[in-house]
Amino acid sequence: VFLDKTLTYTSSQNGNISLLWKNGTDFSYFGRVSPPDGEIGEWTTPFVVSDGEIHVGYGNLYNVNLDNLGYKMSNFGNAPGKNFPAPITALDMEFKIGKEIYLAKRGYLKSNIPSEVWTSDDKGGTWKKRTKGLPNHLYPSYIEMNQAKPSEAWITFSGFDSRK
């Protein structure tokens, strides 16, 4: 994801987000953002640009300032029976002002922990669970918000359901 013409963010395994600096036609390593203590990142940790800022989903949603975690935008507790909050697997925000946010958190089917979808309409000040009617036994893999009508979003789920 390009933040501007000189800064690029990339994602690698388990929540590592790297920041690259472009100098002419070459890129050089600038720094890395890692999950905070007590949280984990998914294999493909989601991050988005909104209102000129980078936001990263670990167990909670964070603002990023260059290669440092900034402020925490959510306060999700640990998943039942786990010592960390369930990691965020999909994320989208309003591009211009970041007021509307959609995120999905993975479930752990073998531990009987369902996946969840959450929304905020005040930049993360409050969160509402929106899981009703969704296949909470599958892995939420992608969210796309309608930027023209932020109350609409599309969510994809990955996995297999042998009951159907």
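Numbering of residues starts from 1 in every chain and runs along the sequence as written. In keeping with the predicted nature of the model, local features appear solely for residues at pLDDT of at least 70, side-chain atom pairs appear and are counted solely at 80 or more, and the whole-chain, interface and lining totals rest on all residues. Only hydrogens and water are set aside when side-chain values are computed; all heavy atoms of the structure are taken into account.

As for the sheet that holds strand E2 (residues 16-23)
Line of reasoning, step 1. Two strands qualify as a pair provided that DSSP identifies no fewer than 2 bridges between them. Helix and strand assignments come from DSSP, with helices taken as H or I runs of at least 4 residues and strands as E runs of at least 2, each series counted from the N terminus. Taken in spatial order, the three strands line up as E1-E2-E3 in an open sheet, and their pairing is antiparallel. Looking at the sheet topology across the chains shown, the edges are occupied by strand E1 (7-12) and strand E3 (26-33). Direction aside, the axes of adjacent strands within the sheet are offset by 30° on average.
Line of reasoning, step 2. Bridge count for E1 against E2 is six bridges, and the pairing is antiparallel. Bridge assignment links serine 12 to a residue of E2, and that residue is asparagine 16. Only the contacting stretch of a helix is used when fitting its axis, a line to C-alpha atoms as for every element, and angles between N-to-C directions run 0 to 180 degrees.

Topic: the pattern of salt bridges
Close approach of charged atoms allows side chains of opposite charge to pair.
Line of reasoning, step 1. By definition, a salt bridge exists where a carboxyl oxygen of Asp or Glu is found within 4 Å of a side-chain nitrogen of Lys or Arg. Within the structure shown, the criterion is met by four salt bridges.
Line of reasoning, step 2. Taking the shortest distance from any N to any O, the salt bridge between glutamate 116 and lysine 129 comes out at 3.3 Å. Here lysine 129 lies in strand E11 (residues 128-129) and glutamate 116 lies in strand E10 (residues 116-120), a separation of 13 residues in the sequence.
Line of reasoning, step 3. Buried residues are those whose accessible area, probed at 1.4 Å on protein chains only, stays under 20% of the maximum for their type, while exposed residues exceed 50% and partly exposed ones sit between those limits. On the basis of relative accessible area, lysine 129 is assigned to the partly exposed category, the value being 47%.
Line of reasoning, step 4. A salt bridge links glutamate 152 to lysine 149; its shortest N-O distance comes to 3.4 Å.

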